Each structure stands twice: as C-alpha cells, then as structure tokens.
Amino acid sequence: MSKERQVDAPRAPGSPGGWDERSEELVADAALVREPTAWRSAGTGAAAGSGSGAVPAKSARRGAVDPVKALMHRHRELCERAVDPLEIAAGLEAHGVTDRTAARFRHRDVFALAEEMYARVPRDGEERGAPAATSSRGAPEVPAGWALFALLPGVACALAAVGIELSEGHARYAVGLGGALAVAVALRLALRRGPLRCAHRVVPATRAWVCFLVAYALFGDGLMRAAVSGGPDGPWAPSTAAALGLSLAVAPAVWCVRLFAVGARRRLAFSRGLAEFTSAVRPLLLGSVALYLCAVGVLLVGAGAAYGVPASAGAGALGALLLLARLLSSYGFMRAPLLMLGAAGAVEAASLASVFAGRLPGCAWLAAPVEGVVRAWGPGAVPFVACGATAGVLLLHSLRVLSRASAHGDGAP
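For clarity, every value in this text was computed on a predicted model and none was experimentally measured. (Residues numbered from 1 in each chain as written. Predicted model: local features only at pLDDT ≥ 70, side-chain atom pairs only at ≥ 80, totals over all residues. Heavy atoms only, no water.)

Section: the overall build of the chain
Stage number 1. The secondary structure content of the chain amounts to 22 helices and zero strands.
Stage number 2. Taking all contacts inside the chain whose residues are at least 6 apart in sequence as the whole, residues at least 24 apart take part in 79%. (Helix = DSSP H or I, 4+ residues; strand = E, 2+ residues; numbered from the N terminus. Contact = heavy atoms within 4.5 Å.)

A short note on the confidence of the model for the chain
Stage number 1. Per-residue confidence for the chain averages 77 on the pLDDT scale, and 75% of its residues sit at or above 70.
Stage number 2. Counted against residues more than four places away or in other chains, residues 1–13, with its pLDDT under 50, gives six contacts.
Stage number 3. Overall, residues 124–139 carries pLDDT values under 50, and its contacts beyond four positions in sequence, including any with other chains, amount to 24 contacts. (pLDDT = per-residue confidence, 0-100.)

Brief notes about helix α14 (residues 170–192)
Stage number 1. Taking 1.5 Å as the rise per residue, α14 with 23 residues should run 33 Å; its terminal C-alpha atoms sit 33 Å apart, in good agreement.
Stage number 2. Turning to α14, its buried residues number three or more, namely G179, V183, A186, A190 and L191.
Stage number 3. Its buried side turned inward, α14 meets α12 (146–149), α13 (152–166), α16 (240–248), α17 (250–270) and α19 (313–330). (Expected span 1.5 Å × (residues − 1). Buried < 20%, exposed > 50% of the residue type's maximum accessible area, 1.4 Å probe, protein only.)

Looking at the side chain of S330
Stage number 1. Within the secondary structure layout, S330 lies in helix α19.
Stage number 2. Within the local environment of S330, its side chain forms a polar contact with the backbone oxygen of L327, the two atoms lying 2.6 Å apart. (Polar contact = N/O pair within 3.5 Å; in protein donor to acceptor, adjacent residues only side chain to side chain.)

Regarding helix α20 (residues 335–357)
Stage number 1. A rise of 1.5 Å per residue sets the reference length of α20, with its 23 residues, at 33 Å; its end C-alpha atoms lie 32 Å apart and thus fit the reference within 8%.
Stage number 2. Among the residues making up α20, those that are buried are A336, P337, M340, L341, G342, A344, G345, E348, S351, L352, S354 and V355.

Remarks on the packing of aromatic side chains
Stage number 1. Overall, the coordinates contain two aromatic pairs when judged by the stated rule.
Stage number 2. On the numbers, 6.1 Å between centres and 90° between planes, the contact of W209 with F212 is edge-to-face. One end of the pair, W209, and the other, F212, are both in helix α15 (residues 204–228), three residues apart, so they sit about a helical turn from each other.
Stage number 3. Residue W209 is classed as partly exposed on the basis of its relative accessible area, which comes to 28%.
Stage number 4. Note on F260 and Y331: the rings are 6.3 Å apart at their centroids and 70° apart in plane angle, and the pair reads as edge-to-face. Here F260 is found in helix α17, whereas its partner Y331 is found in the loop between α19 and α20, with 71 residues between them in sequence. Each member of the pair, F260 as well as Y331, carries the same accessibility label: buried. (Phe/Tyr/Trp six-rings, centres within 6.5 Å; stacked < 30°, edge-to-face > 60°.)

Description of the nonpolar core
Stage number 1. With 69 residues, the main nonpolar core has M117 and L402 as its most contacted residues.
Stage number 2. In terms of nonpolar packing, the next biggest core, distinct from the first, is built from 10 residues, V228, L352, V370 and V382 among them. (Core = buried A, V, L, I, M, F, W, Y, C linked by side-chain atoms within 4.5 Å.)

Here we look at the packing of α13 against α16
Stage number 1. Closest axis-to-axis distance for the α13/α16 pair is 7 Å, and the angle between their directions is 155°. Classified by the interaxial angle, the pair formed by α13 and α16 is roughly antiparallel. For the crossing formed where α13 meets α16, the hand is left-handed. Residues P153, G154, C157, A158 and A161 of α13 lie in contact with α16, whose contacting residues are T240, A243, L244, S247 and L248.
Stage number 2. In the contact of α13 with α16, the residues fall into seven nonpolar, three polar and no charged. (Axes fitted to C-alpha atoms, helices over the stretch in contact; angles between N-to-C directions. Parallel < 35°, antiparallel > 145°, perpendicular 65-115°, else oblique. Left-handed = near helix turned anticlockwise from the far one by under 90°. Nonpolar A, V, L, I, M, F, W, Y, C, P; charged D, E, K, R; others polar.)

Observations concerning the packing of α20 against helix α21 (residues 364–377)
Stage number 1. Direction vectors running N to C along α20 and α21 enclose 125°, while the axes themselves pass 7 Å from each other. Compared by their axis directions, α20 and α21 come out oblique. In this structure, α20 crosses over α21, and the sense of that crossing is left-handed. Facing α20, whose interface residues are S351, S354, V355 and A357, α21 presents L366, A367, V370 and E371.
Stage number 2. Within the contact of α20 with α21, the residues separate by chemical class into five nonpolar, two polar and one charged.

With respect to a nonpolar patch on the surface
Stage number 1. Residues L148, L151, V155, L159 and W255 make up a contiguous nonpolar surface patch of about 510 Å² in total accessible area.
Stage number 2. Positionally, W255 belongs in helix α17.
Stage number 3. Here W255 falls in the partly exposed class, since its relative accessible area comes to 38%. (Patch = residues over 30% accessible without salt bridge, like charges linked within 9 Å, V, L, I, M, F, W, Y side chains within 5 Å. Areas by Shrake-Rupley, 256 points an atom, 1.4 Å probe, with all protein chains shown as cover. Salt bridge = Lys/Arg side-chain N within 4 Å of Asp/Glu carboxyl O.)

Remarks on a positive patch on the surface
Stage number 1. Taken together, the side chains of R188, R192, R201 and R207 present a region of like positive charge at the surface.
Stage number 2. Turning to its location among the elements, R192 is positioned in helix α14.
Stage number 3. Overall, R192 belongs to the exposed group, its relative accessible area being 51%. (Lys, Arg positive; Asp, Glu negative; His and termini not counted. Charge placed at Lys NZ, Arg CZ, Asp CG, Glu CD.)

A short note on the environment of A353
Stage number 1. Relative to the helices and strands, A353 resides in helix α20.
Stage number 2. Through-space distance from the C-alpha of A353 to that of A367 is 8.6 Å; in sequence the pair is 14 residues apart.

Notes on the environment of A253
Stage number 1. Residue position: A253 is located in helix α17.
Stage number 2. Put simply, A253 and L323 are 70 residues apart on the chain and 6.6 Å apart in space, counted from C-alpha to C-alpha.

Quick notes on the environment of G91
Stage number 1. Relative to the elements of secondary structure, G91 occurs in helix α8 (residues 85–94).
Stage number 2. Between the C-alpha atoms of G91 and C79, which are 12 residues apart in sequence, the distance is 9.2 Å.

The structure is reproduced here in structure tokens:
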C-alpha cells in the first residue's frame, strides 16, 4: 500500500478521544487569529504531507476549518438577531473587525463579509423577505409630531419675553419665573420626543453643568461687566436676547440632527466599505453642524436687533457646544460631553472667580488676564472662548466616532 493510502486509511485515534465536529468548533476561535499566510501554509502543508505522510491528520483537519463559520460561531448572537446585513457589519466593526481583517476571510470588505454571514444564518423564506423593508428606511422612526415639539421652547420663551415686557414690579418676576419653567418643560418634551432623545441615563453632573452654562449665558455677561467695573452695586438684568435666541435655536438643532441621521443611514445602505462610509458621513456631519451654526447665528442676530443689543457670540458658541454634546449623548457617547461641558463651565467659573480674587491685597495679577480680555473684546469673549474651544474638541470627537457604521445601527436617532 502506498504512503498516501496509509495516511488516509482508517486507523485508531492517536490521542485520547476522537476529533469530532465539536472539537473543530472549539479550535475555531484560535483559527481566527491566524494570518492569511497561515491559512495558505496550512493548505500547502497538507498537500505536501499527502505525498510524504509527515503531516498529522489533526493538523490537516485544522486547516480545513471554515473561517467564516468560525466567525459566525463567535458572533452567533449578533447573527441570529440581525434584521439585515448592515446590522452585522456594524456589530463586526464595533468588535474591531476592519476591511483588512475581512480580507483574511477572503472578502473585499466588512460589508461583503456581513452579507455572507447573514445569508448563512438559517431562516425561513418569510423572515428573509422582511429585512428589505427595514433596510430601505432612511433612519429609525421617531415619535409623531417631533418637528412640532421642537418649536415649543422657542414659542414658550417668546411668550414669556412678551409677558415680561408688558408687566411691572413683582408681576414681572412671576412672569419670568413661570416662563422659565414653561421653557424647561417644553425643552424636555422636545428632547424626549425627537431625534435628540437619549436612551441612556444622563448623569446628574451633566445636567448640572448644562444648567450652569445656560445660567451664565443669561446672567454671566452682565455680572462680568459689573465685576470688571468694580461692582456689582446692584442687580443686573439678564440677557433676554440670548435666552430667546437659544430657545428658538432648539428647532433647527433638532431638524439638523434628523437630517444627519437620515443621511447617515442612507449612506450606510449604499456604501460598500467602511472607508467609503466614513468619507461620506464626515462631510454630512460637518454640513449639518454648519447649517445649525448659520441658523443660530441668524436667530441671535434677530433677537439682539429686537432688543437693541449686539448678538452674543458666547451664546452662539454655547449653542454649538450643547448641540454636539446632546448629539453624542443620543448615540450613546456620554463621557466626552460630560468632560467638555465641565471644562467649559470650569473656565467660566474660574474667570469670574479670578476677577473677584484680584481685589484681595497683592492678588491683582489674578484678574489681569480676564480684565484685559473683557476690556478688549467685551464680556462675551469669555464664554465664546470657553464654549468654542470645547465645542471644537467635541466636533473632532464626533467626526471620529459618528463616522463608524456601528454608531448608526438600530436605536440611532
């Protein structure tokens, strides 16, 4: 009998226990980390061994493991619950699978690999027909009337501003307090029933910093102006123009986010690779943010003209910061918004504190930088620098994390 026939002939196992199908599945994970050259070398070695009889049968069986089947075994839950190949592609990317990794499984990109994995999952014909309708939608559904809910904060603030102008004395304070509560309730409805809704729990620290930043936008400029002038000697008026402009800007913020979500999901459906999807989503995100900045700028200029005051650049920077922070939070990225909101609030608080600390004997140097900036560019320069710099950091972070396919699966805004 030849050597080839001797290798293939039935014989007793050479190790305790047989090499059955379950044993192949157990080594599937180990086979995944092998380089393409390792797969080729295994096949070459098997071919050579068939001629010389030097390669054990166990090694030949390892080389015959289906790499895609092994990957499906590792991500079994993802494959079973996926409603379309896009969801598998997003899940693979979230686990670190790239187009280069997909080449190890003899596929051009992650999308092609996901399509094969989805096709190989056992389903009946009825279930296979369902994903087509799901993947054709532009973005996940949002509650009905979300576009109208986005208008409520601006309407509530406008009515409160009119009420404040028409009232006097203690009635004015009551109208102002009632208007603030109405705007808060309307804002909560707009965020909960629109594309900016957040499925994850927002930590109290994030809410606290947002409240501080909004309070500074309303009262901070007047307090800073009075502090630099040696005061305050009495109460100072809040910036009603900034409050009205930011409240009206909630609507374009919600609409721009919805525009981004719809566009991203459509590009996810038509992209054929992760690099292609990234290059298509980043301009879309930049365009959505730029569109919002134009809208908030127009609204702040209009509100300032209505009250005879210049537009607040600090309020515009705060609007950009709040938009990006809420956008990231709605996609599940909570840490970066908290850090940047805290950094902006800390800069504003430290700037005010330094002005008052400069009045202590021998501490005038503490207030010199802030006083110089305020006298040169006005009190709005402090929130503009603080919120603008942190908004820029969040924008860069958004371009990195929101250009991933895994960020736009089911549950995205």
